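# Working through the structure, step by step
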Amino acid sequence: NMMKLIKLNAKKVIIGFLNAILSLSTFFVIRRFLLRVLFRAIVGNKSTVHRKVKIFDIGSLSIGKHSTINYGCFLDNRGGLDIGDNVNISHCVKIYTMGHDLDDPFAKLVKGRVQIGSNSWVFPNVLIMPGVTLAEGAVVYPGSVVTKNIPSYEVWGGSPAKFICHRKRDIKYEASFPVWFAI
């Protein structure tokens, strides 16, 4: 049991070091390279990952092309995280794929892959919980807590997030925002 704890802590130190290297890299092309090599992530062309993004594990992370992960986001990829093409994840969004079963007497770990469909937009300070899917074109308003799947081209908000309205499907922008020192 002690050896398991030592291995877990060693892994956390390594992940912390890799996150520091990622955050200190100035150019997006270098961050994409580091994500692919150090974190074994799949990262599409022209995607931008900003500073102070925290990735929780090695592997099980894919980011499509022309997508942006803004400053200060948490990407918990321990249970698997798939982000589509042309997705904007605004600053300080926290996406979780693992947690504890609070009804279990030992609070066992539970995992749930999170999928964010292409052309989705997640506004600042949103929490996305394990096992949630945001279908293509989904929008989540600031400060929301997403505990349920969001269907295609729907706008949701609140805590817990609820349906607000439908979104137009005619999307022409690219969500690649290569601003070096964005906050």
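For the structure, check the block above.
Residues numbered from 1 in each chain as written. Predicted model: local features only at pLDDT ≥ 70, side-chain atom pairs only at ≥ 80, totals over all residues. Heavy atoms only, no water.

Attention shifts here to the pairing of strand β18 (residues 154-158). Walk down a regular strand and you will see the side chains alternate between the two sheet faces. With four of five residues buried, β18 lies mostly within the body of the structure. Bridge analysis of strand β16 (residues 139-140) against β18 gives two bridges, and the strand direction is parallel. Its bridge partner lying in β18, V140 is registered against W156. Sheet topology note: the β18/strand β19 (residues 161-166) ladder contains five bridges and is antiparallel. Within β19, the residue paired with G158 across the bridge is A161. (Buried < 20%, exposed > 50% of the residue type's maximum accessible area, 1.4 Å probe, protein only. Helix = DSSP H or I, 4+ residues; strand = E, 2+ residues; numbered from the N terminus. Pairing = 2+ DSSP bridges.)

Attention now moves to helix α1 (residues 2-24). An ideal rise of 1.5 Å per residue puts 33 Å on 23 residues; α1 measures up with 33 Å between its terminal C-alpha atoms. Buried within α1 we find I15, L18, N19, L22 and S23. Buried-residue contacts for α1 involve α2 (28-37) and β3 (54-55). (Expected span 1.5 Å × (residues − 1). Contact = heavy atoms within 4.5 Å.)

Let us look at the side chain of R31. One can find R31 in helix α2. We note that R31 is buried and unpaired, the nearest opposite charge coming from E174 at a distance of 17 Å. Those residues in contact with R31, other than ones at most four positions away along the chain, are L22, S23, S25, T26, V49, H50 and R51. (Lys, Arg positive; Asp, Glu negative; His and termini not counted. Salt bridge = Lys/Arg side-chain N within 4 Å of Asp/Glu carboxyl O.)

Evaluated as defined, the whole model comprises five aromatic pairs. Measuring from ring centre to ring centre gives 6.1 Å for W121 and F123, while their planes differ by 35°; the resulting arrangement is tilted. Taking 5.9 Å as the distance between ring centres and 70° as the angle between the ring planes, the aromatic pair formed by F123 and Y141 counts as edge-to-face. Of this pair, F123 sits in the loop between β13 (121-122) and β14 (127-128) while Y141 sits in the loop between β16 and β17 (145-146), and the two are 18 residues apart along the sequence. One aromatic cluster in this structure is built from W121, F123, Y141 and Y173. Positioned above the aromatic ring of F74 is the side chain of K94, whose terminal nitrogen or guanidinium carbon lies 4.6 Å from the ring centre. (Phe/Tyr/Trp six-rings, centres within 6.5 Å; stacked < 30°, edge-to-face > 60°. Lys NZ or Arg CZ within 6 Å of the ring centre and 35° of its normal.)

Another point: a nonpolar patch on the surface. Taken together, M2, M3, L5, I6 and L8 make up a surface patch of nonpolar side chains, about 530 Å² in accessible area. Residue classification places M2 among the exposed residues on the basis of a relative accessible area of 58%. (Patch = residues over 30% accessible without salt bridge, like charges linked within 9 Å, V, L, I, M, F, W, Y side chains within 5 Å. Areas by Shrake-Rupley, 256 points an atom, 1.4 Å probe, with all protein chains shown as cover.)

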